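This is what each chain is made of:
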Amino acid sequence: SSSSGDDALRDRRARILSRGLPKQKPIEGVKQVVVVASGKGGVGKSTTAVNIALALAANDSTKEVGLLDADIYGPSIPKMMNLKGNPELTPKNLMRPLKNYGIACMSMGFLVEDTAPVVWRGLMVMSAVEKLLRQVDWGQLDYLVIDMPPGTGDVQLSVSQNIPISGAVIVSTPQDVALLDARKGAEMFRKVHVPVLGLVQNMSVFQCPKCKHETHIFGADGVRDLAKTLGLDILGDVPLHVNIRETCDSGQPVVISQPQSDAAKAYLKIAMEILRRLPVPPA
């Protein structure tokens, strides 16, 4: 029958495609990988990734946490984590992450000059991503948070297909334009069989510091509506607050510098929600 013929053709295509995919191989010493992604830039993804990594460590001081900046063209982790310099090499010729606030960090920003643009084609970018994934001595980590570049391109696919990922966190503002791309990001992870742990609604509300009036600058609850549509959870809301921007710009993220603030508490709650949804790691 035609339907059995179609099924056979689909199976054959799937077999051919699977041959071309790289075999997933864990990063040595890393128990679980959490990727923080967004469909588009400018929604606060890197700020969220940094504060989530710090919040994971703050929630359980016995856990070791690392942070990998996979944004080759626009690395921002060095500035946000107040780190400079080139990684040392181990006797095995692996790069040793730079460390601050107890978080081991690796970024393309450690390997190029601050003001130098990375003018590379796709193959060179993929080679750089491969080095950041495979040629770093992370030691023993309970969680590695990967700050993905915005979009759904080669880097996202390469990372998703090369290493086992415990879960993805999608960051978006409630703005309609951002939500369109956030949906694409969530669907991309589903296609490559990466579990989406949930969505973070960033810049959810602005409170006037003088009169305390609240304004939904980017719209209200758009990310919550998207989560319902996709059958996903909301991990938390982060307000639009000047302290979040100022602390990251100064290399003292809000979770570390202002742990009692509402913003820090929002990130700590998100980290707890992530931990609740992660699979139990192998002993």
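From a predicted model like this one, the values you see are computed outputs, not experimental measurements.

Thresholds applied
- Residues numbered from 1 in each chain as written.
- Predicted model: local features only at pLDDT ≥ 70, side-chain atom pairs only at ≥ 80, totals over all residues.
- Heavy atoms only, no water.
- Helix = DSSP H or I, 4+ residues; strand = E, 2+ residues; numbered from the N terminus.
- Contact = heavy atoms within 4.5 Å.
- Areas by Shrake-Rupley, 256 points an atom, 1.4 Å probe, with all protein chains shown as cover.
- Core = buried A, V, L, I, M, F, W, Y, C linked by side-chain atoms within 4.5 Å.
- Buried < 20%, exposed > 50% of the residue type's maximum accessible area, 1.4 Å probe, protein only.
- Pairing = 2+ DSSP bridges.
- Axes fitted to C-alpha atoms, helices over the stretch in contact; angles between N-to-C directions.

## Observations regarding the overall build of the protein
Thinking step 1. Along the protein, the regular secondary structure elements total 10 helices and 10 strands.
Thinking step 2. Taking all contacts inside the protein whose residues are at least 6 apart in sequence as the whole, residues at least 24 apart take part in 77%.
Thinking step 3. For the protein, the exposed surface amounts to about 14600 Å²; the carbon and sulfur share of it is 53%.

## Comments concerning the nonpolar core
The nonpolar side chains of soluble globular proteins are, as a tendency, buried together.
Thinking step 1. Membership of the largest hydrophobic core comes to 86 residues, with the highest contact counts inside it found for W138, I146 and F189.
Thinking step 2. Per-element accounting of this core gives the leading share, eight residues, to helix α2 (residues 45-59).
Thinking step 3. When residues no more than four places from it in sequence are discounted, the contact partners of F189 are V35, A37, M148, S160, A168, I170, V194 and V196.

## A look at the sheet that holds strand β5 (residues 141-147)
Thinking step 1. If you trace the eight strands from one edge of the open sheet to the other, you get β3-β4-β2-β5-β1-β6-β7-β10, paired in mixed fashion. Strands at the two margins of the open sheet, each flanked by one partner only, are β3 (98-100) and β10 (234-238). If you compare each strand with its neighbour and ignore which way they point, the axes differ by 25° on average.
Thinking step 2. Across three bridges, β3 lies against strand β4 (residues 103-107) in antiparallel orientation. Bridge pairing in β4 links L98 to C105.
Thinking step 3. Against the sheet, α2 makes contact with β1 (30-37), β2 (65-69), β4, β5, β6 (167-172) and β7 (196-202), and its axis sits at roughly 170° relative to β5, the strand it touches most.

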